[in-house]
Amino acid sequence: MIELQRASRWYGQVIGVNDVTCTIGQGITGLLGENGAGKSTLIKLVTGQLRPTTGAVTVFGETPFANSSVFRRLGYCPETDSFYEHMSCEEFLLLMARLSGVPSSEAAAVAERSLRRVGMYDSRKRKLGACSKGMRQRIRIAQAVQHDPEVLILDEPMSGLDPVGRKEMSDLLLEFGATRTVIISSHILYEVEALTRSIILLHRGRLLAQGDVRRIRDLIDRHPHQVVVETDGSARLLAKELVGLSSVVAARIEGDESRLIVETPRPDEFYTQLRDIVLANNIPLRTFYSQDNNLEAVFRYLVKG
Amino acid sequence: MVANIRNLTVAYGRNVAVSGATCDIPEGCVGLLGPNGAGKTTLIKALLGFLKPNEGEGTILGYDIRSASLELRLHVGLMPESDCHIPGISAVEYVALAGELSGLPRANAMQRAHEVLEYCGLGEARYRFVETYSTGMKQKAKIAQALVHGPQLLFLDEPTNGLDPESREEMLELIRDISHNKGVNCIVSSHLLPDIERTCDWILVMSQGKIRSQRSVADMKGASDSLWDVELKEPVESFPSALEAKGAKALSYFSNLYRVEVPHGERAAMLILAVAREVGAEVRGLRPASRSLEEAFLEAIS
Amino acid sequence: MSQDVAPPPIADLTYRNYDGPKALRPLRWWTLSRSFIRTAMRKKAFWVLFGLLCMQWMLFALFVFINSQADQITGGAQRQLRAFNLANTFVDVTDIWIWVFAIALFIGAGSIAADNRANAIQVYLSKPLTRADYILGKWAGMVILLYFAQFVPMLVAVLYAALDQGFGEFLSSYPRLALVFPLVPLIPAVMHASMLIGISALNRTPAIAGIAYTGIFIVWNLLATAIANAPIVADDSRSTLLFLNPRGVIYGLIFNLVGTRGTPPGFRSELPLPEWAPLLGLALVLCAGSLALAVLRVRAVEVVKG
């Protein structure tokens, strides 16, 4: 659906994105990176606000730049907070619907439906200038989804929303992601993680990683998986047992001697061996979990090295 | 206790923003949660003396919020949510001015400014103007100006706003350090529940102007000893039924995550691992189940 | 800290609690004024403009010098120069409004506008500082800076003139000038400070505030001149009407204070001294009005946004 072929974009001497090649298909993809990594530039290239300096960007097989047929099928929820403050929520959504190609006969119904969907129907007459941050965010999301786009691009979609709103938005995005292409750019990694396992990580303009988080994690050899193991008995005794396993490269006793951190480069092998050894020797294991098998750890390892 | 509030009511005309709030805020790090419009901001404004409450009273660190509001600000620091700084001067000059305005003599203020900026992670950058800073650095400068006068209580309003993952990590670490190791009490208002979970020990939930609950995080999450969260590498269809055959019960499952109830007296780990081996599932995580803070929060406000 | 306990080998350089002096100041706003003055005095442009203001007073010293050399010159020129009057020359030089205006604009245009843009008032008000302290601090800082920027070169020049004539001679010839000249810089200082604080508070961009003030200052002056020249106007109110504008108020009040109009060129030389009462009235309205605008604007700032 969205394809970048060796796309680069720079501003004078500052590089925005540098030689990025990737394909984004149906489902939810997380777009991650530090501030200044090139996420906004990538989004601007895909939403047709910028042209790549070299390389190619195609959406639905066409170049998105100033291409209204692409715009009709694309929804964009930007991060910047700026509206026509004098308009009411209703008027604004009506305007955006019509700009997105919704025929004027249906525009009012579309706007109303989207107001209800984001929970802003009761406040529809309120001027945008008088709306709180959370309300403005809901309107921003509404204008992006209301014309039923095939591709949805959201930059920090949850900002300003309270926990209730975040949950509602997550559900909405999961619903969309089931049938469409959704790209979510966010710094709140645990939220991205709850929505998808597929990520694109940019670092200083270059594509650092793409694909399934789990697969990426397994490929980071420099940081073996860290598994926390807690036991009712002695952690030291358990440590002795575990260090004997072929898949374990290090064991560390933490805190008050009941907690063990085990490092393993081959997690599948380790978990199987752990299970067997616990069942065979009746070890009083209480809990175990991996503390760095999540998106935050992957991000940290890749970006900080 | 860091603060005591009795029957506080604050209204803007006919709109009652905070109604009959009564609570005792303990030392350490307290999280302030609530939906938008719950009255959290109004409560903070009243506590810091920016608003006169219509009814009720409160003391913070022993200072009455109605009568000693200026003096209160000598001992309280505020890290506001929005972007703010004093323009046209370097960061160290800015933080020193913040210290001076809080009653420190100039020399002490300068010394403190350097110390605090160092602690907040702004090295050489402190000699530059704040206008040239990135978002992460601006947040650090903001927290530095709140800490410069050595407050005993720090209010942090959405401290991780706009920060990338690395800076968020640093900020949360700093808040945890300062509240747990350095004795500075914190009140953190945030919509990001995991942030609150990570830094706070006590939670205040507000909704529709009232305080709905004030409990410790552990209390809210309520770990149980017969419920366990099991994470498999990939979801396995036969896992729940195999568990039932052994006397356990799979209470809910989402993708590869299962909540399992194990009857008392049984070794949960042994049982679950044995079942997993039977169905050929790889267990990647086994922990006592606790409610996520999100669940607890939603329950508190409903 | 006990002296007998040796310090640990590795110092803890992380955050430590502050246990030094910390107290509510009796004059809370003074810290802000000090900071304002300090920041302004760090800027090179301020000193350049100050230098130009000093040049203005060197002119005064030059006139005094030329006059004192008058004995060497013979003939008709001597008769003309004998008409030299120190007070008139003082007033003529003071009437050069541009450099004080430039300094005021430079330090004042951004005084509150820059704070609006950077949202600084949130920071200020979260400290033990009221809104009144904030405005008073900025205002006092501007007034003090503008006062001394004018007074220092003025003092040097007047002292030179006094020494040149001899102190006794000077005091007996120009008693009023000797008495009031320290008050003269106060008038432009207070007027510029008040009006600029007001305009600055209404804007988010220092440049716009500066342009707005310049515009008001110059255009109103032109308007007043045009009205004063109009044939409909009664002759005895021409003088006062001419001065009924910000610039006119400043210099009109100075003329009244010193007691002379100096030696203005053109049609103004025929006009008498303007009446001080209406000028003072307008001055008070302008100052109070501007400060009221500043108060209203600052009052609208919410420290913790809802």
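Since the structure is predicted, the reported quantities are computational estimates derived from the model, not experimental observations.

J.: Explain the overall build of chain C here, please?
T.: Helix and strand content of chain C: 15 helices and 0 strands. At 24 Å, chain C has a C-alpha radius of gyration far larger than the 19 Å of a compact globule built from 306 residues. With the C-alpha coordinates of chain C rotated into their principal frame, the extents come out at 90 × 55 × 30 Å. Considering chain C as a whole, with its 306 residues, one finds that 39% of them fall into the buried category.

J.: Help me understand the interface of chain C and chain B in this model?
T.: Contact with chain C, which involves 30 residues of that partner, is made by 38 residues of chain B. Sorting the residues of the side of chain C that touches chain B by element identifies helix H1 (28–41), helix H6 (113–118) and helix H7 (120–125) of chain C as the ones contributing at least two each. The residue inventory of the side of chain C that touches chain B, partitioned by class, reads 14 nonpolar, 10 polar and 6 charged.

J.: Would you take a moment to explain the nonpolar core for this structure?
T.: For soluble globular proteins, the rule of thumb is that nonpolar side chains tend to be buried together. Formed by 223 residues in total, the largest nonpolar core has its most connected members in Leu93 of chain A, Val95, Ala144 and Cys186 of chain B together with Ile103 and Leu146 of chain C. Counting residues per element, this core draws most heavily on helix H8 (residues 131–165) of chain C, which supplies 12 residues. If sequence neighbours within four positions are ignored, leucine 93 of chain A has contacts with Ala111, Ser114, Leu115, Ile139, Ala142, Gln143 and Gln146 of chain A. Counting 36 residues, the second-largest nonpolar core is a separate cluster that includes Leu260 of chain A together with Trp228, Val262 and Leu273 of chain B.

J.: Sorry if this is basic, but what is going on with helix H6 (residues 163–179) of chain A here?
T.: A turn of α-helix holds 3.6 residues, and therefore any two residues three or four places apart point the same way. Its 17 residues give H6 of chain A an end-to-end C-alpha distance of 25 Å, which sits within 8% of 24 Å, the value for a rise of 1.5 Å per residue. By the burial criterion, the buried members of H6 of chain A are Pro163, Val164, Gly165, Arg166, Met169, Leu173 and Phe176 of chain A.

J.: Can you help me understand the environment of proline 182 of chain C in this one?
T.: Its place among the elements puts proline 182 of chain C in the loop between helix H10 (175–180) and helix H11 (186–201). Note: C-alpha distance between proline 182 of chain C and leucine 155 of chain C (27 residues apart in sequence) is 8.0 Å.

J.: Would you mind showing me how to read the pairing of strand E8 (residues 185–189) of chain B here?
T.: Consecutive side chains of a regular strand alternate in pointing toward one face of the sheet and then the other. Residue and element names in this part refer to chain B. Most of E8 is tucked away: 5 of the 5 residues are buried. Residue alternation in E8 divides its side chains into two sets, Asn185, Ile187 and Ser189 and Cys186 and Val188, and both sets are buried. Pairing of strand E3 (residues 29–33) with E8 involves 4 bridges; the strand directions are parallel. Bridge assignment links leucine 32 to a residue of E8, and that residue is serine 189. Following the chain from strand E7 (residues 153–157) across helix H6 (residues 165–180) to the adjacent parallel E8, one finds a crossover that is right-handed.

J.: Can you walk me through the sheet that holds strand E7 (residues 181–185) of chain A in this structure?
T.: Paired through backbone hydrogen bonds, the strands of a sheet run either parallel or antiparallel to each other. Residue and element names in this part refer to chain A. With respect to topology, 6 strands assemble into an open sheet ordered E5-E6-E7-E3-E8-E9, the strand pairing being mixed. At either margin of the open sheet sits one strand with a lone partner, and together these are strand E5 (74–77) and strand E9 (206–212). Strand-to-strand twist in this sheet, taken as the mean axis angle between neighbours without regard to direction, amounts to 15°. Looking at chain direction, strand E3 (residues 27–33) and strand E8 (residues 198–203) are connected through 4 bridges and run parallel.

J.: Got a minute to help me understand the sheet that holds strand E2 (residues 14–24) of chain A in this structure?
T.: Residue and element names in this part refer to chain A. Strands sit in the order E2-E1-E4 across an open sheet of 3 strands; the sheet is antiparallel. Both edges of this open sheet fall to E2 and strand E4 (54–59), since each of them pairs with a single strand only. Here the strands of the sheet are splayed against their neighbours by 25° on average, with no regard to which way each runs. Summarising the sheet, strand E1 (residues 2–11) and E4 pair through 5 bridges and their orientation is antiparallel. Along E4, the bridge assignment pairs leucine 4 with valine 57.

J.: Is there a simple way to explain the pairing of strand E4 (residues 55–60) of chain B in this structure?
T.: Residues and elements named next belong to chain B. Sheet topology note: the strand E1 (residues 3–12)/E4 ladder contains 5 bridges and is antiparallel. Along E4, the bridge assignment pairs asparagine 4 with threonine 59. Adjacent in sequence and paired antiparallel, E4 and strand E5 (residues 63–64) are bridged by 2 residues, among which leucine 61 carries a positive phi angle near 50°.

J.: What is the right way to read the interface of chain A and chain B from this model?
T.: How big an interface is tends to be expressed through the accessible area that disappears when the partners come together. Counting residues at the interface gives 29 residues for chain A and 29 residues for chain B. Secondary-structure elements contributing two or more residues to the side of chain A that touches chain B are H6, helix H7 (189–195), helix H10 (267–281), strand E13 (285–290) and helix H11 (295–304) of chain A. Taken together, the residues that form the side of chain A that touches chain B break down as 14 nonpolar, 7 polar and 8 charged.

What counts as what
Counting of residues starts from 1 at the beginning of each chain's written sequence and follows it residue by residue. Chains and ligands are labelled sequentially in the order written, the chains with letters from A and the ligands with numbers from 1. Reporting in this predicted model follows two pLDDT cut-offs: at least 70 for local features of residues, and 80 or more for side-chain atom pairs to be given and counted; totals over whole chains, interfaces and linings ignore these cut-offs and use all residues. In this text, helices come from DSSP runs of H or I with a minimum length of four residues, and strands from runs of E with a minimum of two, each type numbered from the N-terminal end. The size measure is the radius of gyration over C-alpha atoms, and the globule rule it meets is 2.2 Å times the number of residues to the 0.38 power. A residue is called partly exposed when the number of other C-beta atoms within 10 Å of its own lies between 12 and 20, exposed at 12 or fewer, and buried at 20 or more, with C-beta atoms placed from the backbone. Residues are defined as contacting one another if the C-beta atoms placed from their backbone atoms lie within 7 Å. Following the grouping adopted for this structure description, the nonpolar residues are Ala, Val, Leu, Ile, Met, Phe, Trp, Tyr, Cys and Pro, the charged ones are Asp, Glu, Lys and Arg, and the polar ones are all others, Gly among them. A set of buried Ala, Val, Leu, Ile, Met, Phe, Trp, Tyr and Cys residues, joined to one another through C-beta atoms within 7 Å, is what we call a nonpolar core. How far a helix is expected to stretch is found by multiplying one less than its residue total by 1.5 Å. Pairing between strands requires that DSSP locate at least two bridges from one strand to the other. Handedness of a crossover is defined as follows: orient the strands so they point away from the viewer, and if the path from the first strand over the helix to the second runs clockwise, the crossover is right-handed. Whenever a helix is involved, its axis is fitted only over the stretch in contact; in every case the axis is a line through C-alpha atoms, and angles between N-to-C directions fall within 0 to 180 degrees.

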